[in-house]
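Overview (structure and organization)
In case you want the letters, here they are:
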Amino acid sequence: MNKTGFISQIAEATGLTIEQAAQVDEIIEAHPIIGKNSKLAVIAEIGEKLGVDEATAERISNTASGLIAGNIKNKILHPFGGNDEDK
């Protein structure tokens with residue numbers, strides 16, 4: 001998955017515009033993936049940059065994290081781009 005594809009996934013899954021999804025991507029890239037303080041910082045920054053409440057920012061953060069985990073899992077299970085679901 002390339003960066004553009006990931007941004008499109010965020011936009012589609014959250015209902016954000018491509019520009020807002022790109023901002024979310026930048027925020028996530030600026031913070032370490034692991035750590036409670038990192039997650040809280042991501043949520044706070046999403047809320048600030050997008051002008052949304054904390055619950056919405058947390059939902060966006062969780063959705064993006066889920067997409068990252070899903071894309072990593074898919075890459076591990078199908079390292080050469082194959083997908084068993086297509087067969």
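Residues numbered from 1 in each chain as written. Predicted model: local features only at pLDDT ≥ 70, side-chain atom pairs only at ≥ 80, totals over all residues. Heavy atoms only, no water.

Right, let's get into the nonpolar core. Of all hydrophobic cores here, the largest spans 17 residues; its most connected members are Ile10, Leu16, Val24, Ile46, Leu50 and Ile60. Apart from residues no more than four positions distant in its own chain, valine 24 is found in contact with Ile10, Leu16, Ile46, Leu50, Ile60 and Ala64. (Core = buried A, V, L, I, M, F, W, Y, C linked by side-chain atoms within 4.5 Å. Buried < 20%, exposed > 50% of the residue type's maximum accessible area, 1.4 Å probe, protein only. Contact = heavy atoms within 4.5 Å.)

Another point: helix H1 (residues 3-14). Taking 1.5 Å of rise per residue, the 12 residues of H1 would be expected to cover 16 Å, and the 16 Å separating its terminal C-alpha atoms lies within 8% of that figure. Of the positions making up H1, those classed as buried are Gly5, Phe6, Ile7, Ile10, Ala11 and Thr14. Against helix H2 (18-29) and helix H4 (54-77) lie the buried residues of H1. Measuring from the backbone nitrogen of threonine 4 back to the side-chain oxygen at the start of H1 gives 3.3 Å, which picks out asparagine 2 as the cap. Once H1 ends, the next one or two residues include glycine 15, with phi positive near 80°. (Helix = DSSP H or I, 4+ residues; strand = E, 2+ residues; numbered from the N terminus. Expected span 1.5 Å × (residues − 1). Polar contact = N/O pair within 3.5 Å; in protein donor to acceptor, adjacent residues only side chain to side chain.)

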